[in-house]
Amino acid sequence: MQLSKTEEDLMNHLWKLEKGFMKDLLEACPEPKPATTTVATLLKRMTDKGFISYTLYGNSREYYPLVKKKDYFSKHVNGLIKNFFNDSASQFASFFTKETNLTKEELEDLKKLIDSEIKNK
(Lines give C-alpha, C1' and ligand atoms only; values in the text may rest on other atoms or scores of the structure.)
Protein backbone atom coordinates (compact mmCIF):
# COMPACT_ATOMS: atom_id res chain seq x y z
CA MET A 1 0.00 0.00 0.00
CA GLN A 2 1.22 3.48 -0.83
CA LEU A 3 0.64 7.00 0.39
CA SER A 4 -0.72 9.74 -1.85
CA LYS A 5 1.50 12.78 -2.43
CA THR A 6 -0.34 14.82 0.23
CA GLU A 7 -0.26 11.91 2.70
CA GLU A 8 3.45 11.48 2.01
CA ASP A 9 4.06 15.19 2.71
CA LEU A 10 2.23 14.92 6.03
CA MET A 11 4.04 11.66 6.84
CA ASN A 12 7.39 13.41 6.29
CA HIS A 13 6.42 15.95 8.96
CA LEU A 14 5.42 13.15 11.33
CA TRP A 15 8.70 11.31 10.71
CA LYS A 16 10.60 14.49 11.60
CA LEU A 17 8.53 15.10 14.72
CA GLU A 18 8.48 11.37 15.66
CA LYS A 19 5.08 11.95 17.27
CA GLY A 20 2.68 14.84 17.43
CA PHE A 21 -0.82 16.16 17.81
CA MET A 22 -2.73 17.59 14.87
CA LYS A 23 -1.74 21.13 15.90
CA ASP A 24 1.95 20.11 15.74
CA LEU A 25 1.48 18.71 12.25
CA LEU A 26 -0.38 21.83 11.12
CA GLU A 27 2.45 24.01 12.46
CA ALA A 28 4.98 21.93 10.54
CA CYS A 29 3.13 22.43 7.24
CA PRO A 30 4.33 25.27 4.99
CA GLU A 31 2.11 28.22 4.08
CA PRO A 32 -0.59 28.19 2.96
CA LYS A 33 -1.57 25.86 5.77
CA PRO A 34 -4.06 23.13 4.90
CA ALA A 35 -7.48 23.17 6.54
CA THR A 36 -7.80 21.29 9.81
CA THR A 37 -10.46 19.08 8.21
CA THR A 38 -8.06 18.20 5.38
CA VAL A 39 -5.34 17.14 7.84
CA ALA A 40 -7.90 15.17 9.87
CA THR A 41 -8.98 13.32 6.70
CA LEU A 42 -5.38 12.58 5.74
CA LEU A 43 -4.60 11.29 9.25
CA LYS A 44 -7.67 9.02 9.17
CA ARG A 45 -6.67 7.59 5.76
CA MET A 46 -3.07 7.07 6.91
CA THR A 47 -4.33 5.31 10.05
CA ASP A 48 -6.66 3.10 7.97
CA LYS A 49 -3.74 2.20 5.68
CA GLY A 50 -1.65 1.17 8.69
CA PHE A 51 1.06 3.82 8.33
CA ILE A 52 0.32 5.63 11.59
CA SER A 53 -1.45 5.13 14.88
CA TYR A 54 -2.27 7.35 17.83
CA THR A 55 -2.55 7.50 21.58
CA LEU A 56 -5.69 9.09 23.02
CA TYR A 57 -5.31 11.77 25.69
CA GLY A 58 -8.87 12.76 26.52
CA ASN A 59 -10.25 14.06 23.22
CA SER A 60 -6.80 14.62 21.67
CA ARG A 61 -4.86 12.16 19.59
CA GLU A 62 -1.09 12.03 19.55
CA TYR A 63 -0.05 10.45 16.25
CA TYR A 64 3.08 8.42 15.63
CA PRO A 65 4.43 6.50 12.61
CA LEU A 66 4.16 2.73 12.42
CA VAL A 67 6.38 2.60 9.33
CA LYS A 68 9.98 3.83 9.34
CA LYS A 69 10.90 6.37 6.69
CA LYS A 70 13.81 4.23 5.50
CA ASP A 71 11.57 1.17 5.08
CA TYR A 72 8.91 3.15 3.19
CA PHE A 73 11.32 4.70 0.73
CA SER A 74 13.31 1.49 0.31
CA LYS A 75 10.14 -0.31 -0.77
CA HIS A 76 9.23 2.66 -2.99
CA VAL A 77 12.63 2.67 -4.75
CA ASN A 78 12.66 -1.12 -5.13
CA GLY A 79 9.21 -0.93 -6.73
CA LEU A 80 10.43 1.79 -9.06
CA ILE A 81 13.40 -0.35 -10.12
CA LYS A 82 11.16 -3.37 -10.65
CA ASN A 83 8.42 -1.55 -12.56
CA PHE A 84 10.40 0.93 -14.65
CA PHE A 85 13.86 -0.62 -15.03
CA ASN A 86 13.05 -4.31 -15.63
CA ASP A 87 14.16 -5.15 -12.08
CA SER A 88 17.68 -4.03 -13.03
CA ALA A 89 19.57 -1.91 -10.51
CA SER A 90 22.21 -1.29 -13.20
CA GLN A 91 19.64 0.25 -15.55
CA PHE A 92 18.35 2.38 -12.69
CA ALA A 93 21.87 3.50 -11.74
CA SER A 94 22.66 4.33 -15.36
CA PHE A 95 19.49 6.41 -15.71
CA PHE A 96 20.02 8.07 -12.33
CA THR A 97 23.61 9.11 -13.02
CA LYS A 98 22.92 10.36 -16.56
CA GLU A 99 19.56 12.07 -16.15
CA THR A 100 19.84 13.84 -12.78
CA ASN A 101 22.59 16.36 -13.65
CA LEU A 102 24.84 15.26 -10.80
CA THR A 103 28.04 17.22 -10.31
CA LYS A 104 31.41 15.54 -10.59
CA GLU A 105 31.72 15.72 -6.79
CA GLU A 106 28.35 14.04 -6.31
CA LEU A 107 29.31 11.28 -8.74
CA GLU A 108 32.60 10.79 -6.86
CA ASP A 109 30.66 10.56 -3.58
CA LEU A 110 28.40 7.91 -5.14
CA LYS A 111 31.44 6.01 -6.36
CA LYS A 112 32.86 6.05 -2.81
CA LEU A 113 29.57 4.72 -1.44
CA ILE A 114 29.52 1.92 -4.01
CA ASP A 115 33.17 1.06 -3.40
CA SER A 116 32.47 0.92 0.33
CA GLU A 117 29.50 -1.40 -0.18
CA ILE A 118 31.59 -3.67 -2.42
CA LYS A 119 34.22 -3.97 0.34
CA ASN A 120 31.51 -4.87 2.86
CA LYS A 121 30.10 -7.72 0.72
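Residues numbered from 1 in each chain as written. Predicted model: local features only at pLDDT ≥ 70, side-chain atom pairs only at ≥ 80, totals over all residues. Heavy atoms only, no water.

The protein chain is annotated in an unreviewed UniProt entry as BlaI/MecI/CopY family transcriptional regulator of Mariniflexile litorale. What UniProt states about the protein chain under its Sequence similarities (unreviewed entry) heading is, verbatim, "Belongs to the BlaI transcriptional regulatory family." (UniProt positions renumbered as here; feature names shortened; annotations may be inferred.)

A.B. asks: Outline the overall build of the protein chain, listing residues and values.
C.D. replies: Each helix and strand in the protein chain was counted, giving six helices and three strands. Helices (α) and strands (β) of the protein chain occur, in sequence order from the N terminus, as α-β-α-α-β-β-α-α-α. Taken over the C-alpha trace, the protein chain has a radius of gyration of 19 Å; the compact-globule value for 121 residues is 14 Å, which it surpasses by more than 25%. By principal-axis analysis of the C-alpha atoms, the protein chain measures approximately 55 × 25 × 25 Å. A total of 121 residues make up the protein chain; the buried ones form 21% of that total. Residue pairs in contact within the protein chain that sit at least 24 positions apart in sequence constitute 48% of those at least 6 positions apart. When the accessible surface of the protein chain is summed, it comes to about 9,000 Å², and 55% of that surface belongs to carbon and sulfur atoms. Charged side chains in the protein chain number 20 positive and 18 negative. The centres of these two groups are separated by 4 Å. (Helix = DSSP H or I, 4+ residues; strand = E, 2+ residues; numbered from the N terminus. Rg over C-alpha atoms; globule rule 2.2 N^0.38 Å. Buried < 20%, exposed > 50% of the residue type's maximum accessible area, 1.4 Å probe, protein only. Contact = heavy atoms within 4.5 Å. Areas by Shrake-Rupley, 256 points an atom, 1.4 Å probe, with all protein chains shown as cover. Lys, Arg positive; Asp, Glu negative; His and termini not counted. Charge placed at Lys NZ, Arg CZ, Asp CG, Glu CD.)

A.B. asks: Tell me about the confidence of the model for the protein chain, and name the residues and values.
C.D. replies: Summing up the model confidence of the protein chain, the mean pLDDT is 92 and the portion of residues at 70 or higher is 100%. When mean pLDDT is taken per element in the protein chain, strand β3 (residues 60–65) scores highest with 98 and helix α5 (residues 89–99) scores lowest with 87. (pLDDT = per-residue confidence, 0-100.)

A.B. asks: Tell me what's going on with the pairing of strand β2 (residues 52–57), and back it up with residues and numbers.
C.D. replies: Sheet topology places β2 next to β3; six bridges connect them, and they run antiparallel. Looking at the pairing, Y54 lines up with Y63 of β3. Linking β2 to β3, which pair antiparallel, is a turn of two residues; within it G58 sits at a positive phi near 65°. (Pairing = 2+ DSSP bridges.)

A.B. asks: Residue-level account of the packing of aromatic side chains, with values.
C.D. replies: Scanning all chains against the criterion turns up nine aromatic pairs. Aromatic side chains F85 and F95 sit 5.4 Å apart centroid to centroid with 50° between the ring planes, which places their arrangement in the tilted category. Here the residue F85 occupies a position in the loop between α4 (69–84) and α5, and F95 occupies one in helix α5, the gap between them amounting to ten residues. Residue F95 is classed as partly exposed on the basis of its relative accessible area of 45%. When the centroid spacing of 6.0 Å and the interplanar angle of 20° are considered together, the rings of F92 and F96 count as stacked. (Phe/Tyr/Trp six-rings, centres within 6.5 Å; stacked < 30°, edge-to-face > 60°.)

A.B. asks: So what's going on with the sheet that holds β2? Residues and values would help.
C.D. replies: The sheet built from three strands is open, its strands ordered β1-β3-β2 with antiparallel pairing. The sheet terminates laterally at β1 (20–21) and β2, the two strands that pair on one side only. Against the sheet, helix α1 (residues 5–17) touches β1, β2 and β3, its axis set at about 90° to β3. Each of β2 and β3 touches helix α3 (residues 36–48); the most contacted strand, β2, lies at about 115° to it. (Axes fitted to C-alpha atoms, helices over the stretch in contact; angles between N-to-C directions.)

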